[in-house]
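Summary of structural features
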Amino acid sequence: MSGDDSAMLTSTPVGVLASLVLAAVVAVAMDGCSAHDTADASVTQPEPPALPPQPSGPQPDRSGLTRVGVASFYADWFAGREMADGTPMDPGGDNAASRTLPIGTTAKITNIATGRSAVVTIQDRGPYAKGRLVDLSPATAQKIGISRKKGVARVKVSPIAVPLPDGTVKAGAAAHDPEVPQLR
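Residues numbered from 1 in each chain as written. Predicted model: local features only at pLDDT ≥ 70, side-chain atom pairs only at ≥ 80, totals over all residues. Heavy atoms only, no water.

What to know about the overall build of the chain
The helix and strand inventory of the chain stands at four helices and seven strands. Along the chain, helices (α) and strands (β) appear in the sequence α-α-β-β-β-β-β-α-β-β-α when read from the amino end. Counting all 184 residues of the chain, 29% fall into the buried class. Taking contacts inside the chain between residues at least 6 apart in sequence as the whole, the part at least 24 apart equals 69%. Surface summary for the chain: the accessible area is close to 11,900 Å², and the carbon and sulfur share equals 60%. (Helix = DSSP H or I, 4+ residues; strand = E, 2+ residues; numbered from the N terminus. Buried < 20%, exposed > 50% of the residue type's maximum accessible area, 1.4 Å probe, protein only. Contact = heavy atoms within 4.5 Å. Areas by Shrake-Rupley, 256 points an atom, 1.4 Å probe, with all protein chains shown as cover.)

This is the structure in structure tokens:
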């Protein structure tokens, strides 16, 4: 296109409009390349989706599966103190504490080293020492061979009956263990 052709094009109304549109497009394109761009305050960014609340602490274990871990026993100063279920801790009873088994769960506790077992009812929360699975009453600890001198033992915790939130009870891993009735 010669200089005369471009002058004629811009002197017509269509040519003027075309020149203005071309100038606007170039200006917008160049403005988008600026290193100092700022967001328009009228443009709002969508809110990120809300994350579901994260549970704090250990979650209830209603699986009924056997777990293996370390058991300890209640210190003497817990005797008579109120447990999570509202009853006083009986050092001679079959009570136990678990951080994850639901209150009211009955379970067979077996000392792996001695092979001795006892049946307990989870009535309290704990133990809070790292790596511990259950706290046992002193009488139960003694039954399965945990001495005061050593204080801990590796155990299997096999639930017999696990209460569920709807009021029903789920049979656990030891529900049909032939040794359980003799241990009660």
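Details of the environment of Arg99
With respect to the helices, strands and loops of the structure, Arg99 is situated in the loop between β2 (95–98) and β3 (106–111). Residues Arg99 and Asp124 lie 25 residues apart in sequence; the distance between their C-alpha atoms is 8.2 Å. In contact with Arg99, other than residues within four places in its own chain, are Pro58, Arg125, Gly126, Pro127 and Tyr128.

Re the pattern of salt bridges
Applying the stated criterion to the full structure yields four salt bridges. Linking Asp76 and Arg148 is a salt bridge whose minimum nitrogen-to-oxygen distance equals 2.8 Å. Note that Asp76 is positioned in the loop between β1 (67–73) and β2 and Arg148 in the loop between α3 (138–143) and β6 (152–163), a separation of 72 residues in sequence. Shared partners join several salt bridges into a network, and the residues in it are Lys108, Asp177 and Glu179. (Salt bridge = Lys/Arg side-chain N within 4 Å of Asp/Glu carboxyl O.)

Regarding the packing of aromatic side chains
Aromatic ring pairs are reported here in terms of the distance separating the ring centres and the angle at which the planes meet. On inspection of all chains with the given rule, the structure shows two aromatic pairs. Considering the side-chain rings of Tyr74 and Phe78, the 5.5 Å spacing of their centres and the 70° angle between planes classify their relative orientation as edge-to-face. Here Tyr74 falls in the buried class, since its relative accessible area comes to 3%. Among the residues examined, Phe78 registers a relative accessible area of 27% and is labelled partly exposed. Ring geometry for Trp77 versus Phe78: centroids 4.1 Å apart, planes at 25°, classification stacked. (Phe/Tyr/Trp six-rings, centres within 6.5 Å; stacked < 30°, edge-to-face > 60°.)

Points about the side chain of Thr140
When you line up the elements, Thr140 lands in helix α3. The class for Thr140 is buried, based on a relative accessible area of 1%. Beyond its immediate sequence surroundings of up to four residues, Thr140 is in contact with Gly93, Asp94, Ala118 and Val120.

Some details on the environment of His176
For His176, the position within the fold is in the loop between β7 (169–171) and α4 (180–183). Residue classification places His176 among the exposed residues on the basis of a relative accessible area of 74%. The spatial distance from the C-alpha of His176 to the C-alpha of Ile160 is 7.9 Å, given a sequence separation of 16 residues.

As for the pairing of strand β4 (residues 117–124)
For β4, the tally of buried residues reaches seven of eight residues, placing the bulk of the element in the interior. In terms of strand pairing, β2 meets β4 through three bridges, oriented parallel. Its bridge partner being in β4, Ala97 is matched across the sheet by Asp124. Note: β3 against β4, five bridges, orientation antiparallel. In the sheet register, Lys108 faces β4, and the bridge partner there is Val119. (Pairing = 2+ DSSP bridges.)

Purely geometric numbers; function is a separate question.
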